[in-house]
Amino acid sequence: MSKDKTSSITLTRPDDWHLHVRDGAALQTVVPHTAAQFGRAIIMPNLKPPVTSAAQALEYKARILAATPTGTEFEPLMTLYLTDNLPPDEIQRAKEAGVVALKLYPAGATTNSDAGVSDLRKTYATLEAMQREGLPLLVHGEVTSPDIDLFDREAVFIDQQLIPLRRDFPGLKIVMEHITTREAAQYVASADSFTAATVTAHHLLYNRNAIFMGGIRPHYYCLPVLKRETHRQALIQAVTSGSAKFFLGTDSAPHPAHLKEHATGCAGCYTAHAAMELYAEAFDASGALDKLEAFAAFNGPAFYGLPRNTGSITLQRQSWTPPESFAFGDAELKPLRSGEALPWRLV
Ligand code: DOR
Ligand code: ZN
């Protein structure tokens, strides 16, 4: 329990280094939530079909900007979806178009990952080009083999895929996205400066019990799945350690409520409506609110070689309750902690 009775904190305007906003009517709901909190956000490319060219990324960016409320300064940072046959010459076009990174989804690992990479060796020429152009690789770090226990897939990915990849491309910037385990936190903490990680608010706040409390709770199901408490504690230790290798990435991943509350419910927690409030709650609970600003606003820009944002945001210790749901095109979107009080509020 925190002894910190701080009633408000003001931070440099933060960025979200891992975000799903989907497309079409969904943008109208979710983009304003993120733009109200963050100066920039890295936009995941796992649309159907995925964003695999610089031209598609620019079109998608324009649709996101069209859904950004007028007068809000918000910059979507675009990514491409790495496939087995993304041509190396697309990398230079991507760089010129302002694309900031490529995303690696092992084929079948998660939502819309069918077009993902089946064998990393098939991407080596493209990874060479990325290393040359200084474009980072953002990794969904889970093996997909059904023989590997779901809860072990991140740790096995590090041994089987990440360590060899790191060795073969020493100059490639790699972000291990949404880490969930002690193994990942330790790997990243001890790696060189070309390796970093994002951490979500939900993996800092919850362990796997949350998925099963009083019955199955689909809104706590995401991938990589929540792990046991010792792993959550290792993540808290990592983000409050002062290491610049860890930065904020919500992985806010909206799905229509009826597809989460389903026999084969989709993976993804929606947190963009209260992202900084949830992170503040997690840092406060460990008495580490003073570490939140670097995690949310300094470490990410430093890794990506971008300037820090100039504005600021203020969070107040003031209870409020997120709505039960938001409109989401023709469907409903149920945010994490809907109808439950949150202790921090963005002013
Ligand atoms: O829970 C998740 N949801 N994990 C992912 O990797 C993808 C995301 C999504 O797009 O829904
Ligand atoms: Zn994601």
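Residues numbered from 1 in each chain as written. Chains lettered and ligands numbered in written order. Predicted model: local features only at pLDDT ≥ 70, side-chain atom pairs only at ≥ 80, totals over all residues. Heavy atoms only, no water.

A. Focus on empty space enclosed by the protein. What the rule picks out here adds up to two cavities of 30 Å³ or more. Taken as a whole, the largest cavity spans an internal volume of roughly 120 Å³. What lines the largest cavity is a set of 17 residues, among which His20, Thr110, Leu223, Asp251 and Ala253 lie closest to the centre. A per-class count over the lining of the largest cavity returns five nonpolar, nine polar and three charged. In this structure, the second largest cavity occupies an estimated 30 Å³ of space. Taken together, Thr180, His203, Tyr206, Asn207, Leu226, Lys227, Arg228, His231, Arg232 and Leu235 make up the lining of the second largest cavity. With three residues, helix α8 (residues 229-239) is the single largest residue contributor to the lining of the second largest cavity. (1 Å grid on protein atoms, 1.4 Å probe; cavity = no way out; pocket = protein on both sides within 12 Å on 5 of 7 lines; lining within 4 Å. Points joined across faces, edges and corners; volume = space filled by probe spheres on them. Nonpolar A, V, L, I, M, F, W, Y, C, P; charged D, E, K, R; others polar. Helix = DSSP H or I, 4+ residues; strand = E, 2+ residues; numbered from the N terminus.)

B. Highlighting the pairing of strand β8 (residues 195-199). With five of five residues buried, β8 lies mostly within the body of the structure. Burial along β8 is two-sided: the face carrying Thr195, Ala197 and Val199 and the face carrying Ala196 and Thr198 are both buried. Looking at chain direction, strand β7 (residues 174-176) and β8 are connected through three bridges and run parallel. Across the sheet, the residue bridging to Met176 is Ala197, located in β8. (Buried < 20%, exposed > 50% of the residue type's maximum accessible area, 1.4 Å probe, protein only. Pairing = 2+ DSSP bridges.)

C. Main features of the packing of helix α10 (residues 275-285) against helix α11 (residues 292-304). At a minimum axis distance of 10 Å, the contact between α10 and α11 shows a crossing angle of 140 degrees. Relative to α11, α10 is oriented oblique. Residues Met276, Tyr279, Ala280 and Phe283 of α10 touch α11, and the partners they reach there are Leu292, Phe295 and Ala296. Residues of the contact of α10 with α11, tallied by class, amount to seven nonpolar, no polar and no charged. (Axes fitted to C-alpha atoms, helices over the stretch in contact; angles between N-to-C directions. Parallel < 35°, antiparallel > 145°, perpendicular 65-115°, else oblique. Contact = heavy atoms within 4.5 Å.)

D. How the structure looks around the side chain of Arg337. Mapped onto the elements, Arg337 comes out in the loop between β12 (331-333) and β13 (342-346). Beyond its immediate sequence surroundings of up to four residues, Arg337 is in contact with Leu205, Tyr206, Tyr220, Leu278, Glu281, Pro322, Leu342 and Pro343.

E. Structural view of the environment of Thr181. Turning to its location among the elements, Thr181 is positioned in the loop between β7 and α6 (182-190). We classify Thr181 as buried; its relative accessible area is 3%. C-alpha of Thr181 to C-alpha of Ala155: the two residues are 26 residues apart in sequence and 7.4 Å apart in space. Once residues within four sequence positions are removed from consideration, Thr181 is found in contact with Glu154, Lys227, His231 and Leu235. A polar atom in the side chain of Thr181 sits 3.1 Å from the backbone nitrogen of Ala184. (Polar contact = N/O pair within 3.5 Å; in protein donor to acceptor, adjacent residues only side chain to side chain.)

F. Quick look at the nonpolar core. Membership of the largest hydrophobic core comes to 95 residues, with the highest contact counts inside it found for Leu292 and Leu315. Looking at this core, the element that brings in the most residues is α10, giving seven residues. Excluding residues within four positions of it along the chain, Leu315 makes contact with Ser7, Ser8, Ile9, Leu11, Met276, Glu277, Ala280, Leu292, Trp344, Arg345 and Leu346. (Core = buried A, V, L, I, M, F, W, Y, C linked by side-chain atoms within 4.5 Å.)

G. The sheet that holds β8, seen in detail. Taken in spatial order, the eight strands make up an open sheet running β2-β3-β4-β5-β6-β7-β8-β9, and their pairing is parallel. Each edge of the open sheet is held by one strand with a lone partner, namely β2 (16-19) and β9 (246-248). For this sheet the average axis-to-axis angle between neighbouring strands, irrespective of direction, equals 30 degrees. Where strand β4 (residues 75-81) and strand β5 (residues 101-104) come together, three bridges link them in parallel fashion. Bridge assignment links Thr79 to a residue of β5, and that residue is Ala101. Its contacts with the sheet put helix α2 (residues 54-66) on β3 (40-43) and β4, and the angle it makes with β4 is roughly 150 degrees.

H. Structural detail: the packing of aromatic side chains. For the structure on display, the rule yields 11 aromatic pairs. Between Tyr81 and Tyr105 the ring centres are 5.3 Å apart and the planes differ by 35 degrees, which places this aromatic pair in the tilted class. Taken together, the residues Tyr81 in strand β4 and Tyr105 in the loop between β5 and α4 (124-133) connect sequence positions 24 residues apart. Residue classification places Tyr81 among the buried residues on the basis of a relative accessible area of 0%. Where Tyr124 meets Phe169, the ring centres are 4.7 Å apart and the plane angle is 80 degrees; that geometry is what we call edge-to-face. Linking Tyr124 in helix α4 with Phe169 in the loop between α5 (153-168) and β7, this pair joins segments that are 45 residues apart in sequence. (Phe/Tyr/Trp six-rings, centres within 6.5 Å; stacked < 30°, edge-to-face > 60°.)

I. Looking closely at the sheet that holds strand β1 (residues 8-12). Strand order in this open sheet of three strands is β1-β10-β13, and the pairing throughout is antiparallel. Two strands in the sheet have a free side with no partner beyond their single neighbour: β1 and β13. This sheet shows a mean twist of 30 degrees between the axes of neighbouring strands, independent of strand direction. As judged from the four bridges shared by strand β10 (residues 312-320) and β13, these two strands associate in the antiparallel manner. From the neighbouring strand, Trp320 faces β13, where its bridge partner is Leu342.

J. How the structure looks around the site of ligand 1. In the region of ligand 1, 13 residues are neighbours, and Arg22, Asn46, Thr110, Leu223 and His255 sit closest. Arg22 places a polar side-chain atom, nitrogen or oxygen, 2.7 Å from an oxygen atom of ligand 1. With respect to ligand 1, the side chain of Thr110 contributes an N or O atom lying 3.1 Å from an oxygen atom. With respect to the detected pockets, ligand 1 is housed in the largest cavity. For the shell around ligand 1, the residue count by class is four nonpolar, seven polar and two charged. (Near = heavy atom within 4 Å. Sits in = over half its atoms within 2 Å of the grid points.)

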